[in-house]
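# Descriptive structure summary
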There are 2 protein chains.
Amino acid sequence: MAAIEEEVQLLGAVGSPFVIRVQIALKLKGIEHKYVEEKLGYLSETLLNYNPVYKMVPVLVHNGKPISESRVILEYIDEAWKQNPILPNDPYQRALDRFWSKFIDDKCVAAAWKSVFIPDEKEREKAREELFEALQFLENELKDKFFGGEEISFVDIAASFITLFQDVAEFLLFSGDKFPKLHKWSQEFYNHPVVKEIMPTKEQQHGFFKARAASIAAANKAAASK
Amino acid sequence: MAAIEEEVQLLGAVGSPFVIRVQIALKLKGIEHKYVEEKLGYLSETLLNYNPVYKMVPVLVHNGKPISESRVILEYIDEAWKQNPILPNDPYQRALDRFWSKFIDDKCVAAAWKSVFIPDEKEREKAREELFEALQFLENELKDKFFGGEEISFVDIAASFITLFQDVAEFLLFSGDKFPKLHKWSQEFYNHPVVKEIMPTKEQQHGFFKARAASIAAANKAAASK
């Protein structure tokens, strides 16, 4: 069978934990693609055209067809390119992977943001408690080197958010004493050959989180003054 | 091949739009199961044991193994029982189905709740606007009899929330003039032979939403007085 010329494009923003998820998956599968940097806080016509609903990166464009939302993109990548699967085969294990990656987005992401970026100190403290409660569930869930066992999987890729967030939080998320399994996982994850190539520098990471926080604050201010 | 005795149990609450999603999927696939009613606002040991993370219905228990979160359960059902698929075959179409069902949960469910159940009138009005904005996206997306074409699919099952919510909202979500395609879809959906058998009575529907609102209000009050 002759190889079909494929066009794969990723609209991203350096340092975005959600873009990084997609980059890890593409790298794991060995999928060549063109990367297009979108400027945070500025909506390009391309982005508005490809993701009119959320107006956010990442967007994967495969032969002209756009897909948004990082977890939806990860599933698409796993179904469109079968090599090096990122979801397990067994339906129950797949359900668990979907459950825990959704849990990371529902329970860790919002709490993490709030724990650093909202002005009210009490609210920040409350968010930090919620984040620790969520991390405890993940700590209990981690049985092997990775969430996926000996290899990184869907949950590990989703959980990359946590290791990236550690770099910008002003408090310790995990250490040898606190969530020791997550701490070890985070190190193993960073050192995974594929992940290592993708991870941004600390400066890039800080840059992204700060720009995103400023953009959210500006949007909130605009909404409040309406 | 001899049939393997399977044990399928569904922990639910009458009138819950998320439980109804699972019931529609089980009925579409013809999966016999035992239904266990959980009392809203009361956490049974069974529920805490099977869903310690969210402590909510629906929970599907298949041969002793629990799965939570309605969209995760729907995917599991579709993978564990292959007959009458609820997700399409094509990876891109599957991605779209996942995107739009997630959109319903992200953009319609919270806005719908707020538009009826939060005390502040201005906030209710704002939520109503957000809900209408989201419904406009769905209206534009609806091309055929159902989101799935001639047959109901993943998005239709997720969107059942909207038709159920119409019964408790104090304002018109859709009509012949307003979101006419969603209006027609809602009628077709209600009249689908499988859906018809599952849908609760208006009284059951009202009962659930009222009890849920009271339970959320009580939780908020408790959190505020902490």
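Residues take numbers from 1 onward in each chain, read along the sequence in its written order. Whichever chain is written first becomes A and whichever ligand is written first becomes 1, with later ones labelled in order. pLDDT decides what is reported in this predicted model: residues at 70 or higher carry local features, side-chain atom pairs at 80 or more are listed and counted, and totals for whole chains, interfaces and linings draw on all residues regardless. Think of the side-chain values as coming from all heavy atoms in the structure, minus any hydrogens and water.

Here we take up helix α1 (residues 17-29) of chain A. Residues and elements named next belong to chain A. Numbering of helices and strands starts at the N terminus; helices are DSSP runs of H or I of at least 4 residues and strands are runs of E of at least 2. One fewer than the residue count of a helix, multiplied by 1.5 Å, yields its expected span. For α1, spanning 13 residues, the distance from its first C-alpha to its last is 19 Å, which sits close to the expected 18 Å at 1.5 Å a residue. Here the term buried applies to any residue with accessible area under 20% of the maximum for its type, exposed to any over 50%, and partly exposed to those in between, with areas from a 1.4 Å probe on protein chains only. Across the 13 residues of α1, 12 count as buried, placing the element largely inside the fold. Along α1, the residues classified as buried are Pro 17, Phe 18, Val 19, Ile 20, Arg 21, Val 22, Gln 23, Ile 24, Ala 25, Leu 26, Leu 28 and Lys 29. Positive backbone phi, approximately 70°, marks Gly 30, located one or two places after α1.

Moving on, we come to the domain arrangement of chain A. Residue and element names in this part refer to chain A. All domain edges in this entry derive from an automatic or database-based domain assignment. Domain boundaries in chain A define domain 1 (8-84) and domain 2 (91-191). Two parts placed together each lose some accessible area under a 1.4 Å probe, and the buried area is that loss summed for both. Counting the surface lost from both domain 1 and domain 2, the interface buries some 1200 Å², and carbon and sulfur atoms represent 67% of this. Looking at the side of domain 1 facing domain 2, the largest losses of area belong to Arg 21, Arg 71 and Glu 75, adding up to 46% of the total buried there. Just to be clear on terms, a salt bridge is a Lys or Arg side-chain nitrogen sitting within 4 Å of an Asp or Glu carboxyl oxygen. Our count for the contact surface shared by domain 1 and domain 2 stands at 3 salt bridges. For Glu 75, the salt bridge goes to Arg 98, with nearest N and O atoms at 2.7 Å.

Residues and elements named next belong to chain B. Stacked, edge-to-face and tilted are the three classes for Phe, Tyr and Trp ring pairs, Trp counted by its six-membered ring, which pair at centre distances within 6.5 Å; planes under 30 degrees apart are stacked, over 60 edge-to-face, the rest tilted. Applying the stated rule across the entire model yields 37 aromatic pairs over all chains. When the centroid spacing of 6.2 Å and the interplanar angle of 50° are considered together, the rings of Phe 132 and Phe 179 count as tilted. Of this pair, Phe 132 sits in helix α5 (residues 121-141) while Phe 179 sits in the loop between α6 (154-166) and α7 (180-191), placing them 47 residues apart in sequence. When the ring of Phe 161 is compared with that of Phe 165, the centres are 5.9 Å apart and the planes differ by 10°; the resulting orientation is stacked. Taken as a pair, Phe 161 and Phe 165 lie in helix α6 at a separation of 4 residues, close to a single helical turn.

On to the nonpolar core. Residues Phe 165 of chain A together with Phe 165 of chain B are the most contacted members of the largest nonpolar core, which totals 147 residues. Not counting the four nearest positions on each side in its chain, Phe 165 of chain A is found in contact with Ala 112, Trp 113, Ser 115, Val 116, Leu 131, Phe 171, Leu 173 and Phe 209 of chain A. By nonpolar core we mean a set of buried residues, namely Ala, Val, Leu, Ile, Met, Phe, Trp, Tyr and Cys, connected to one another through side-chain atoms within 4.5 Å. Note on contacts: a residue pair qualifies if any of its non-hydrogen atoms lie within 4.5 Å across the two residues.

Once that is clear, we can look at the interface of chain B and chain A. Where interface size is given, it is often the accessible area lost as the parts come together that is meant. Tallying the contact residues gives 26 residues for chain B and 26 residues for chain A. Of the roughly 2600 Å² buried at the junction of chain B and chain A (both faces included), carbon and sulfur atoms supply 67%. Counting every contact that joins chain B to chain A gives 8 salt bridges. For Lys 102 of chain A, the salt bridge is made with Glu 69 of chain B, and the minimal N-O distance between the two is 2.5 Å. Polar contacts, as used here, are pairs of N or O atoms within 3.5 Å; protein pairs need one atom able to donate a hydrogen and one able to accept it. Residues neighboring in sequence count only if both atoms are side-chain atoms. Along the contact surface separating chain B from chain A lie 12 residue pairs in polar contact (both at pLDDT 80 or more). Within the residue set of the side of chain B that touches chain A, elements represented by two or more residues are β4 (65-68), α3 (70-80) and α4 (91-117) of chain B. Looking at the side of chain B that touches chain A, the element that brings in the most residues is α4 of chain B, giving 11 residues. Taken together, the residues of the side of chain B that touches chain A break down into 15 nonpolar, 1 polar and 10 charged. Just so you know the grouping, Ala, Val, Leu, Ile, Met, Phe, Trp, Tyr, Cys and Pro go in nonpolar, Asp, Glu, Lys and Arg go in charged, and all remaining residues, Gly too, go in polar.

Patch membership requires over 30% relative accessible area and the absence of a salt bridge. Like charges are linked within 9 Å, and nonpolar side chains (Val, Leu, Ile, Met, Phe, Trp, Tyr) within 5 Å. The Shrake-Rupley method, run with a 1.4 Å probe sphere, supplies the accessible areas, and residue values consider only the shown protein chains as cover. In this charge count, Lys and Arg are treated as positive and Asp and Glu as negative; neither His nor the chain ends contribute. We put the charge of a Lys on NZ, of an Arg on CZ, of an Asp on CG and of a Glu on CD. Taken together, the side chains of Asp 120, Glu 121, Glu 123, Glu 125, Glu 129, Glu 130 and Glu 133 of chain A define an acidic patch exposed on the protein surface. Inspection of the secondary structure puts Glu 129 of chain A in helix α5 (residues 121-141).

Turning to the layout of surface pockets, a few remarks are in order. Size it by volume and the second largest pocket reaches roughly 480 Å³. Detection works on a 1 Å grid of protein atoms alone, calling trapped sets that fit a 1.4 Å probe cavities and calling open sets with protein on both sides within 12 Å along at least five of seven lines pockets, with lining residues defined by an atom within 4 Å of a point. The wall of the second largest pocket is formed by 18 residues, among which Glu 79, Lys 82 and Arg 94 of chain A together with Glu 79 and Arg 94 of chain B lie closest to the centre. Put simply, the parts of the chain that give the lining of the second largest pocket at least two residues each are α3 (70-80) of chain A together with α3 and α4 of chain B. If you tally residues by element for the lining of the second largest pocket, the top one is α3 of chain A, at 3 residues. Looking at the lining of the second largest pocket residue by residue, the classes come out as 7 nonpolar, 2 polar and 9 charged. Grid points are joined across faces, edges and corners, and a volume is the space filled by probe spheres set on the points.

This part takes up the sheet that holds strand β3 (residues 59-62) of chain B. Paired through backbone hydrogen bonds, the strands of a sheet run either parallel or antiparallel to each other. Residues and elements named next belong to chain B. Paired strands are those between which DSSP finds at least two bridges. The sheet built from 4 strands is open, its strands ordered β2-β1-β3-β4 with mixed pairing. The outermost strands of the open sheet, each flanked by one partner alone, are β2 (34-37) and β4. For this sheet the average axis-to-axis angle between neighbouring strands, irrespective of direction, equals 20°. Under this scheme, a helix contributes an axis fitted over its contacting stretch, all axes are lines through C-alpha atoms, and angles between N-to-C directions fall in the 0 to 180 degree range.

Below, the discussion takes up unusual backbone geometry. Trans is the prevailing form of peptide bonds, just as negative phi is the prevailing case for residues other than glycine. In this structure, the amide linkage connecting Val 57 of chain A to the following residue, Pro 58 of chain A, adopts the cis form with an omega of 0°. Mapping Pro 58 of chain A onto the fold places it in the loop between α2 (45-50) and β3 (59-62). Positive phi, close to 50°, is recorded for Asn 63 of chain B, a residue that is not glycine. For Phe 179 of chain B, which is not glycine, the phi torsion reads 45° and is therefore positive.

A word on empty space enclosed by the protein. Tallied over the full model, the rule gives 1 cavity of 30 Å³ or more. For the largest cavity, the calculated volume is near 180 Å³. Contributing elements (two or more residues each) for the lining of the largest cavity: α3 and α4 (91-117) of chain A together with α3 and α4 of chain B. Grouping the constituent residues of the lining of the largest cavity by class yields 4 nonpolar, 2 polar and 8 charged.

Residue and element names in this part refer to chain A. The strand order β2-β1-β3-β4 describes an open sheet built from 4 strands, whose pairing is mixed. The sheet is open, and its two borders are formed by β2 (34-37) and β4 (65-68), each paired with just one other strand. Strand after strand, the sheet turns through a mean of 20° between neighbouring axes, direction not considered. Bridge count between strand β1 (residues 8-12) and β3: 4 bridges; the pairing is antiparallel. Looking across to β3, one finds that Val 8 is bridged to His 62. Its contacts with the sheet place α1 against β1, β2 and β3, and it is angled at close to 155° to β1. Seen against the sheet, α3 touches β3 and β4 and runs at an angle of roughly 125° to β4.

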